[in-house]
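Single-letter residue listing:
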Amino acid sequence: MLALWGEAVRSVEERIRPTHRDQWLRPISCVGFEGSQIRLHAPNRYQKEWFEDHYLPAILSNLESRTQATYSVLFEVGEEETTKVAPREVVPAAKPAEISAPATKSKGLDTRYEFDNFVVGKANQFAHAAARMVAKVPASKYNPLFIFGGVGLGKTHLLHAVGHEIHRQHPGWTITVVTCEQFVTSFIGSMLNQRRQSGQPSSVNLMEEFRRRYREAPDVLLVDDIQFLAGKDSSQDEFFHTFNALHHAHKQIVLTCDKLPAELHGLEERLRSRFTWGLIAEIGHPDLETRVAILKRKAELEDIDLPDDVALTVATRFRSNVRELEGALVHLSARASLLGCSITKEVAEEILETIASPGPTGLTVETIQREVASYFEVKLHDLNGPKRHRAVAHPRLIAMYLSRQLTQMSYPEIGSRFGGKDHSTVISAFRKIERKLAEDPELRSVISALTTRLCQR
Ligand code: ADP
Ligand code: MG
């Protein structure tokens, strides 16, 4: 039985990154069987949870399909010695993102978005150089740095890279990174709650707290997607004062935007002009050579074996958007591993045919919900209802993610179709899945399988 368990584990092991294998799979050992119950040992509860979430279902299904039996699992968690020894690299009580950069993560910087992972080409070299310069000597010449460009071209990546670099140079500094949407939501929330609480002398002053957080605390303020301020008068006013306070105090500000300041309609002139005080840097569409380089870099990071001719094939097809380029690579590697073949040019062309259908897919949120519900064997009304246990919550996140990816609905519209959920729920679902996709091969296969099913309808 132990041998069967070992084989089932190996079937999963082959499909995941070596670092994940050593950190999350190997430390879990099988300590015995009692009837249909499998006893496992995990060094700590984080590793237990990670294992349960990521690998256990696949291992069990492999085991069950080979023995035609079902099993339950009992975990022991703790320090006791077991038959297998955990590998050296295991860092207890920390999840993967925290292992690489505990301090920066707590500040909301995305650990994937570093200068080292940013491929420089003609279209982004100026923005990249400007970002590097600002990170090296913050708040000297270029304040604010205003990075603008279309969707999925690397604005957020550069913004966070500046944050990481400054954090390395000045570990004691407070680096505040927010999306403009978070700024606006948090501002409105503080304002409304403040009003509600006024008259209660003991209550904390929420607006003061908000202002301390943005006007006083930051040594560096990084705001993503500043275009979100357009048309929001009171938030603009607040941001205007935030900007002034920080700029006056010689604190670096970096903004990203999908337009030039001059094209930002619905923005007060005084803000527009401030956005041009420093340096404006554009990110354009990457040329073929850069797209190939990005793919190769990404494949290297993800431990995907990507031959040159395949990189070229993918880069030729996905021209305008780096996010799509990355998405294609993820699909490709997931599909290839699902089919048990390596990624050759022929395989790639065939797979790309199914995923690269141009433009909107013509899918509705309802179709996606039905497909996801049937895939996970949950009831449609549970998927759209309030239940929070994992069996429905996980499919729900996936359905929300796919709705955003495959339809042109906005976050609020998608939320309303999931039983009237708030747009922030949909946004957080989307981000969660996007984040997990980077490190979870099982999830990649699920998303890829569902996408293929939906797109082939
Ligand atoms: P934007 O904020 O402009 O919409 P992002 O910064 O989110 O775009 O980039 C989308 C994806 O593409 C991210 O995963 C990012 O890491 C990747 N990306 C964009 N440009 C590059 C680049 N030059 N090198 C490596 N990855 C890139
Ligand atoms: Mg962005």
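Residues numbered from 1 in each chain as written. Chains lettered and ligands numbered in written order. Predicted model: local features only at pLDDT ≥ 70, side-chain atom pairs only at ≥ 80, totals over all residues. Heavy atoms only, no water.

## Points about the site of ligand 1
And then number 1: Ligand 1 sits among 17 residues. The nearest are V119, G152, T156, H157 and E326.
And then number 2: Within the backbone of G152, a nitrogen or oxygen atom sits 2.7 Å from an oxygen atom of ligand 1.
And then number 3: Its free accessible area being 550 Å², ligand 1 has 94% of it covered by the protein chains.
And then number 4: Secondary structure elements with two or more residues in the shell around ligand 1: α8 (155-169) and α15 (322-339).
And then number 5: Tallied by class, the residues present in the shell around ligand 1 amount to 7 nonpolar, 7 polar and 3 charged. (Near = heavy atom within 4 Å. Polar contact = N/O pair within 3.5 Å; in protein donor to acceptor, adjacent residues only side chain to side chain. Areas by Shrake-Rupley, 256 points an atom, 1.4 Å probe, with all protein chains shown as cover. Helix = DSSP H or I, 4+ residues; strand = E, 2+ residues; numbered from the N terminus. Nonpolar A, V, L, I, M, F, W, Y, C, P; charged D, E, K, R; others polar.)

## Examining the nonpolar core
And then number 1: Core analysis: the largest hydrophobic core is formed by 29 residues, its most contacted members being I368, V372, I398, Y401, L402, I433 and I447.
And then number 2: At the level of elements, α17 (365-376), α19 (390-406), α20 (411-417), α21 (423-437) and α22 (441-455) are the ones that each hand at least two residues to this core.
And then number 3: Residue contributions to this core peak at 8 residues, all from α19.
And then number 4: C180, F210, I226 and F239 belong to the second largest nonpolar core, which has 25 residues in total. (Core = buried A, V, L, I, M, F, W, Y, C linked by side-chain atoms within 4.5 Å. Buried < 20%, exposed > 50% of the residue type's maximum accessible area, 1.4 Å probe, protein only.)

## Section: the confidence of the model for the protein chain
And then number 1: In this model, the protein chain carries an average pLDDT of 84, and 89% of its residues clear a pLDDT of 70 or more.
And then number 2: Considering only residues more than four positions removed or in separate chains, one finds that residues 80-106, a stretch of pLDDT under 50, has 40 contacts. (pLDDT = per-residue confidence, 0-100. Contact = heavy atoms within 4.5 Å.)

## With respect to the pattern of salt bridges
And then number 1: Within this structure, the stated rule accounts for 22 salt bridges.
And then number 2: Measuring nitrogen to oxygen at the nearest pair gives 3.2 Å for the salt bridge that ties E13 to R26. Residue E13 is found in helix α1 (residues 2-13), and its partner R26 is found in the loop between α2 (18-25) and β1 (29-34); the two are separated by 13 residues along the sequence.
And then number 3: For E13, a relative accessible area of 16% gives the class buried. (Salt bridge = Lys/Arg side-chain N within 4 Å of Asp/Glu carboxyl O.)

## Considerations on the sheet that holds strand β7 (residues 252-257)
And then number 1: Strand order in the open sheet formed by 5 strands is β5-β6-β7-β4-β8, with parallel pairing between adjacent strands. In this open sheet, the two strands that pair with only one neighbour each are β5 (175-179) and β8 (279-283). Going from strand to strand, the sheet's axes swing by 15° on average, the running direction of each strand aside.
And then number 2: Of the strand pairs in this sheet, strand β4 (residues 145-149) and β8 are connected by 5 bridges, and their pairing is parallel. Note on β8: the bridge partner recorded for F146 is I280.
And then number 3: Most of the contacts of helix α7 (residues 125-136) go to β8, to which it runs at about 135°, and overall it touches β4, β7 and β8. (Pairing = 2+ DSSP bridges. Axes fitted to C-alpha atoms, helices over the stretch in contact; angles between N-to-C directions.)

## Here's the deal with α22
And then number 1: For α22, built from 15 residues, the straight-helix expectation of 21 Å at 1.5 Å per residue is met to within 8% by its first-to-last C-alpha distance of 21 Å.
And then number 2: Among the 15 residues of α22, 13 are classified as buried, and the element is accordingly described as predominantly covered.
And then number 3: Two to three positions downstream of the cap, the backbone nitrogen of E442 sits 3.0 Å from a side-chain oxygen, assigning the N-cap of α22 to D440. (Expected span 1.5 Å × (residues − 1).)

## Focus: the sheet that holds strand β2 (residues 37-42)
And then number 1: If you walk across this open sheet you meet the 3 strands as β1-β2-β3, and the pairing is mixed. The sheet is open, and its two borders are formed by β1 and β3 (72-77), each paired with just one other strand. Between one strand axis and the next, the sheet turns by 25° as a mean value, whatever way the strands run.
And then number 2: As paired elements, β2 and β3 share 6 bridges and run parallel to each other. Within the sheet, the bridge partner assigned to L40 lies in β3 and is F75.
And then number 3: Sheet strands touched by α1: β1 and β2. Its angle to β1, the strand with the most contacts, is close to 135°.

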